[in-house]
Amino acid sequence: MSATQESFDPWAWRTSEVVLATPQPASTAPAIPLPWDHQLQQQLERAVAAAPTSADSLALAAELFAQPPTEALRQQADHRRQHLVGDLVTYVVNRNLNFTNHCLQHCSFCAFRRDPGADGAYWHSFDTLQQRAAEAARLGATELCIQGGLNPQAQLDGSALRYYQALLDALRQAAPGVHLHAFSPQELLFIAQQDSIPLQAVLEGLIASGLGSIPGTAAEVLDEAVRARLCPEKLSAREWCAVVLQAHRSGLRSTATLMAGHLETSQQRAGHLLTLVALQQVAWQHSQAGFSEFVLLPFIGAQAPAALRQRVGRDQPDLQAMLALTAQARLLLGHWIVNHQPSWVKLTLAGATEALRWGCNDLGGTLMEESITSAAGALGGTAQSVEALRGAAATLQRPVQQRTTLYGAVPACV
Ligand code: SF4
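Note on numbering: residues in each chain are counted from 1, in written sequence order. In keeping with the model being predicted, local features are shown solely for residues with a pLDDT of at least 70 and side-chain atom pairs are shown and tallied solely at 80 or more, while totals for entire chains, interfaces and linings include all residues.

> Account for the overall build of the protein chain, with residues named and values stated.
Numbered from the N terminus, helices here are DSSP runs of H or I no shorter than four residues, and strands are runs of E no shorter than two. On a plain count of helices and strands, the protein chain comes out with 16 helices and 10 strands. Each radius of gyration is computed over the set of C-alpha atoms, and the globule rule expresses the reference value as 2.2 Å times the number of residues to the power 0.38. For 414 residues, the compact-globule estimate of 2.2 N^0.38 gives 22 Å, and the C-alpha radius of gyration of the protein chain, at 20 Å, lies within 12% of that figure. A residue is called partly exposed when the number of other C-beta atoms within 10 Å of its own lies between 12 and 20, exposed at 12 or fewer, and buried at 20 or more, with C-beta atoms placed from the backbone. Expressed as a percentage of the 414 residues in the protein chain, the buried residues total 53%. For the protein chain, contacts bridging at least 24 residues in sequence account for 79% of all contacts bridging at least 6. Residue pairs are scored as contacts if the distance between their C-beta atoms, which are placed from the backbone, is within 7 Å.

> Give me the packing of helix α13 (residues 319-333) against helix α14 (residues 344-355): which residues, what numbers.
Here an axis means a line fitted to C-alpha atoms, over the contact stretch when the element is a helix, while the angle between two N-to-C directions is reported on a 0 to 180 degree scale. Look at α13 against α14: their axes get within 10 Å of each other, and the N-to-C directions meet at 40 degrees. Relative to α14, the element α13 is oriented oblique. As for how α13 packs across α14, the hand of that crossing is right-handed. On α14, the residues touching Leu319, Met322, Leu323 and Thr326 of α13 are Leu347, Gly351, Glu354 and Ala355. Per-class residue counts for the contact of α13 with α14 are 5 nonpolar, 2 polar and 1 charged. Should an angle fall under 35 degrees it is taken as roughly parallel, and over 145 as roughly antiparallel, whereas 65 to 115 is taken as roughly perpendicular and any remaining angle as oblique. Crossings are assigned a handedness: left-handed for a near helix turned anticlockwise from the far helix by less than a right angle, right-handed for a clockwise turn. Residues were grouped as follows: Ala, Val, Leu, Ile, Met, Phe, Trp, Tyr, Cys and Pro as nonpolar; Asp, Glu, Lys and Arg as charged; and all remaining residues, including Gly, as polar.

> Account for the pairing of strand β3 (residues 143-147), with residues named and values stated.
The element β3 is largely enclosed, with a buried count of 5 among its 5 residues. Every second residue of β3 is oriented toward a common face, with Glu143, Cys145 and Gln147 on one face and Leu144 and Ile146 on the other, all of them buried. Direction of pairing for strand β2 (residues 94-98) relative to β3: parallel, over a ladder of 5 bridges. The residue of β3 that forms the bridge with asparagine 94 is glutamate 143. Handedness of a crossover: with both strands directed away from the viewer, a clockwise path from the first strand across the helix to the second marks it as right-handed. The parallel pair β2 and β3, bridged by helix α5 (residues 126-138), forms a crossover whose chirality is right-handed. Strands were regarded as paired on the criterion that DSSP finds at least two bridges between them. Sheet analysis places β3 next to strand β4 (residues 179-182), joined by 4 bridges and oriented parallel. Residue pairing across strands places leucine 144 opposite leucine 180, the latter belonging to β4. Handedness of the β3-helix α6 (residues 160-174)-β4 crossover: right-handed.

> Tell me about the pairing of β4, residues and numbers included.
Of the two faces of β4, the one holding His179 and His181 and the one holding Leu180 and Ala182 are both buried throughout. Sheet topology places β4 next to strand β5 (residues 211-214); 2 bridges connect them, and they run parallel. Residue histidine 181 lies in a different strand from β5, and its bridge partner there is serine 213.

> Break down the environment of glycine 205 for me, with residues and values.
The residue glycine 205 is located in helix α8 (residues 199-208) in this model. Assessed through the 19 C-beta atoms surrounding it within 10 Å, glycine 205 is described here as partly exposed. Discounting residues that sit within four places of it in the chain, glycine 205 has contacts with Leu161 and Gln165.

> Now, about the sheet that holds β3: what can you tell me, with residues and values included?
Adjacent strands of a sheet pair through backbone hydrogen bonds, lying either parallel or antiparallel. Spatially, β2-β3-β4-β5-β6-β7-β8 is the arrangement adopted by the 7 strands of the open sheet, whose pairing is parallel. Since the sheet does not close on itself, it has two edges, and those belong to β2 and β8 (340-341), each with one partner. With 6 bridges joining them, strand β6 (residues 253-260) and strand β7 (residues 291-298) adopt parallel strand pairing. In the sheet register, leucine 258 faces β7, and the bridge partner there is leucine 296. Across the sheet, α6 is in contact with β3, β4 and β5; its angle to β4 comes to roughly 150 degrees.

> Quick one: what's the story with unusual backbone geometry, residue by residue and with numbers?
Even without being glycine, alanine 218 reaches a positive phi, approximately 70 degrees. Tracing the chain through its elements places alanine 218 in the loop between β5 and α9 (224-230). Phi is positive for glutamate 220, close to 45 degrees, though the residue is something other than glycine. Locating glutamate 220 in the fold gives a position in the loop between β5 and α9.

> Give me the sheet that holds strand β1 (residues 89-92): which residues, what numbers.
Taken in spatial order, the 3 strands of this open sheet run β9-β1-β10, and their pairing is parallel. If you trace the sheet from one side to the other, it starts and ends with β9 (362-365) and β10 (400-402), each paired once. Here the strands of the sheet are splayed against their neighbours by 15 degrees on average, with no regard to which way each runs. Bridge analysis of β1 against β9 gives 2 bridges, and the strand direction is parallel. Bridge pairing in β9 links valine 92 to glycine 365.

> Please provide a residue-by-residue account of helix α4 (residues 71-85), values included.
Relative to the 21 Å expected for 15 residues at 1.5 Å per residue, α4 spans 21 Å between its end C-alpha atoms, a close match to the ideal helical length. If you check which residues of α4 are buried, you get Leu73, Gln76, Ala77, Arg80 and Arg81. All buried residues of α4 lie within an arc of 135 degrees about the axis, which places them on one face of the element. Exposed residues pointing more than 90 degrees away from the buried face of α4 are listed as Glu71, Gln82 and His83. Elements in contact with the buried residues of α4: α13. Expected helix span is given by 1.5 Å per residue-to-residue step, counting one fewer step than there are residues. By definition, the arc is the one covered by directions from the helix axis to the C-beta atoms.

> Describe the packing of helix α2 (residues 38-50) against helix α3 (residues 55-65), with residues and values.
Running from N to C, α2 and α3 point in directions that differ by 145 degrees, and their axes come no closer than 9 Å. Handedness of the crossing formed by α2 with α3: left-handed. In this structure, α2 contributes Leu40, Gln43, Leu44, Ala47 and Val48 to the contact, and α3 contributes Asp56, Ser57, Leu60, Ala61, Glu63 and Leu64.

> So, the nonpolar core: which residues are in play, and what are the values?
Structurally, a nonpolar core is described as a collection of buried Ala, Val, Leu, Ile, Met, Phe, Trp, Tyr and Cys residues joined by way of C-beta atoms within 7 Å. Ala61 and Leu144 are the most contacted members of the largest nonpolar core, which totals 127 residues. Leucine 144 has contacts with Asn94, Arg95, Leu97, Ala133, Ala136, Leu171, Ala175, Val178, Leu180 and His181, leaving out every residue within four places of it along the chain.

Keep in mind these numbers describe shape, not what the thing actually does.
Pasting the structure below:
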């Protein structure tokens, strides 16, 4: 048993192997995909419901993911969205708090991380973070989204968990009642490994300090071969699944993400999304709520480290390709994950508004100070006003409504 494996509950570790899809090799991709008709869609839905990681599901998903960005594909995804969640466009008033960019890893796409003492390196004090949290609450935020680099110095009394708990306690004090959406599966596992304690102790400690839900970031592409090239130091795809299984079982909801448009094949994209379905099925079988939404995160190359940027050969996302993927994700995820969010940071607000026509129903958050993707050279900006988000939905003549992190109604007094 490896040191990492010991961090997990045995049930989560066993199940993580079962849920992880093994994508077909790229050579099996259909040269000319079959037209994606109602019959194929139904076959896919039946196969996915029966066994998301089966050969049947993977083969049908490969057909779907070979579809070009046609008007027919857009309409199918748009109808599916309409059927599942109606016309309402939602958004959340939130603030990002990236408390440090010190990080001991070196992911090939990351322009955010710094070594301590390097140009642009920072590690904010609790005082600074509390001021920002209080300001966000005054501006009507219902959520703080808290993520940071993997900083081994982030300890209190020799414990990483105590530092992360103190961070949540401080934010809760500064912004009472604001939902704390914090710490990726990678950060959660990092805390467990720093303190040599089980992941379950980390989850329980953070929940006791007010953790409300977790971002499903650090998933990148849930495929070990892609991760070996993209982020070899990061937790493995299997470990990501194991953390999510345990978080869901502990009563935490999470988002689900896919970072796309770099080294991955369409089969690997399909495998990733089928893995998300398998995880959602496990959550529902155990009466857990599981994933709350799916967020597509297109790769931004502009300021990313040179090696990957040159290999991908594109500074900004290919919008048409990302819209096709948006539609394919809507058709594949079906009723398993019904809320789909584009990233206005990565696509710009105009691109994200267009994604609302390709299967999305949510515009994400105001963010107030996005810094991770902006460091990579994204063109969408670092914040959106409520008026801008509402105006974007209005251009499509769709109703728009503020939501909570977990897609509930926002009380009138907020
Ligand atoms: S993506 Fe996260 S873990 Fe990877 S280098 Fe950047 S900050 Fe560190």
